[in-house]
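Report on the structure
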Amino acid sequence: MADPFRPFTVARKVRESEVITSFHLVPQDGAALWPALPGQYLTLRLPTPGGPLRTYSISSDVADGTGYRISVKREAAPGLPGGLGSCWLHDRVAEGDTVELAAPRGSFVLDEASDRPVLLLAGGVGVTPLLSMLHRLAQGQRRVFFVQACENGAVHALRDEVAALVAASGGRIVARTLYRAPTAADRAAGAHDAEGLVDAAFLQALLPLDRYQAYLCGPTPFMVAMWRVLTGLGLREDDIRYEFFGKQTSLPRLAAEGTRAALRAHVPAGAPAAIAGLAHLTNPAARGIEESVPPVAAPSDGPSVVFARSGREVAWTGSAATLLELAEAAGLDPEFSCRAGLCNTCRTGLSEGRVTYLEPPLTEPPAGTVLLCCSRPEGRVVLDL
Ligand SMILES: Cc1cc2nc3c(=O)[nH]c(=O)nc-3n(C[C@H](O)[C@H](O)[C@H](O)COP(=O)(O)OP(=O)(O)OC[C@H]3O[C@@H](n4cnc5c(N)ncnc54)[C@H](O)[C@@H]3O)c2cc1C
Ligand code: FES
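Residues numbered from 1 in each chain as written. Chains lettered and ligands numbered in written order. Predicted model: local features only at pLDDT ≥ 70, side-chain atom pairs only at ≥ 80, totals over all residues.

Within the chain, residue pLDDT values average 88, and 88% of them lie at 70 or more. Counted against residues more than four places away or in other chains, residues 266-294, with its pLDDT under 50, gives 49 contacts. (pLDDT = per-residue confidence, 0-100. Contact = placed C-beta atoms within 7 Å.)

Below you can see the structure in the form of structure tokens.
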């Protein structure tokens with residue numbers, strides 16, 4: 001299989017805030033850029049042993065044929081090893097350097113068939129895919145509400161770009177910024193529209209009554225809180241799309257768990273208070289409800305999945321999108337990370353049957369194995385799980 005990575009030159013490196021820096025990337029082979037949809041991400045291969053992969057959303061207008069831009073938060077906390085990829089990019093990569101990228105992927109994309117109004121809700125560095133969507137929406141006719149939540153002005157990235165799109169829209173795009181803990185300088189500069197957290201009262205005051213499509217990206221607790229607020233305001237679950245910047249998981253399921261359980265599942269063991277207490281940007285009043293495990297169907301004549309080590313056979317009814325989701329619904333706990341066919345963490349032995357991939361894996365798994373996160377069965381399959 002051909003190497004899916006291409007070399008790109010860092011044409012510009014721009015500091016966007018105290019923690020976020022952008023990298024403008026142009027292909028070295030002179031060939032056209034890969035096509036990309038607003039909201040998709042690029043996969044970066046680090047030049048360290050084993051070539052670990054990291055994914056970064058395209059933060060620029062994907063219609064700009066000259067290059068891609070990614071905007072990266074430097075992940076570093078006192079007493080912990082700095083984030084491998086983000087610290088490498090911030091500290092070691094300079095203009096003129098080479099980085100290796102694979103083609104844009106991801107299903108967190110704008111529904112361009114719709115003409116309904118759009119709500120984009122960004123927490124922290126989660127602004128990146130939403131800004132790319134905002135660029136596309138700026139070229140259309142839909143009403144857009146863009147809400148960016150940050151800690152304060154020091155970490156507020158890309159504000160001028162958002163302001164320029166708003167100014168050019170003739171009132172069709174409305175943007176609001178909330179700082180959870182503005183500094184005296186922020187207050188003096190009037191750099192934010194509101195202080196505190198995004199909550200139901202804030203959104204009710206901002207949004208005229210309508211049927212919105214909402215797009216969320218930010219820290220997990222932010223997304224859990226926003227999911228609860230939006231569904232509480234009557235948005236249908238189908239009208240809320242979201243992307244995690246870590247382990248991909250189900251937001252409705254997290255929202256149905258207690259906030260503490262949700263946090264525990266998404267915070268590295270031993271993380272300091274700054275990470276473990278990721279309560280910033282969230283609604284502390286959000287309450288959990290009992291988690292329920294959805295029932296799984298017993299096998300019938302149709303496709304089915306045998307989990308050989310667990311001694312279970314489950315019908316494939318289409319209610320799960322992937323083998324990974326089916327295994328989870330059946331109460332199993334397979335390893336996963338990206339849930340996007342990139343990292344091979346979910347690779348599992350396949351002793352019988354065939355699968356179809358929803359999107360081709362970045363690198364094909366060895367014969368006799370399958371990536372659970374991006375495949376579904378063709379007929380009956382037997383997994384070593
Ligand atoms: C679809 C998608 C899109 C994304 N888009 C963006 C984007 O646009 N911008 C962006 O900035 N990020 C984005 N991310 C996140 C990005 O992919 C990386 O996960 C992020 O940069 C951290 O990677 P890293 O290599 O720097 O950190 P890692 O090395 O993976 O470490 C992660 C964190 O854990 C901490 N840590 C490391 N070791 C330990 C330990 N032993 N104990 C406790 N903590 C530890 C590190 O300090 C760091 O904060 C996206 C992720 C996804 C899945
Ligand atoms: S979880 Fe990463 S490839 Fe499946």
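That covers the picture; the talk isn't over yet.
Here we take up the site of ligand 1. Taken together, 28 residues surround ligand 1, and among them E75, G83, G85, S86 and T128 come closest. For the shell around ligand 1, the secondary structure elements donating two or more residues are β4 (53-57), β5 (68-73) and α1 (84-92). Residue classes in the shell around ligand 1 are distributed as 14 nonpolar, ten polar and four charged. Each of two domains, domain 1 (5-104) and domain 2 (118-276), supplies a minimum of three residues to the shell around ligand 1. (Near = placed C-beta within 6 Å. Helix = DSSP H or I, 4+ residues; strand = E, 2+ residues; numbered from the N terminus. Nonpolar A, V, L, I, M, F, W, Y, C, P; charged D, E, K, R; others polar. Domains from an automatic or database assignment.)

The phi dihedral of L158 falls on the positive side, at around 65°, and the residue is not glycine. Topologically, L158 is positioned in the loop between β8 (144-150) and α3 (159-167). Its identity as a non-glycine residue notwithstanding, N344 has a phi of 70°, on the positive side. Position of N344 relative to the elements: it lies in the loop between α10 (323-329) and β15 (347-357). By C-beta crowding, N344 is classed as partly exposed, having 17 other C-beta atoms within 10 Å. (Buried ≥ 20, exposed ≤ 12 C-beta atoms within 10 Å, placed from the backbone.)

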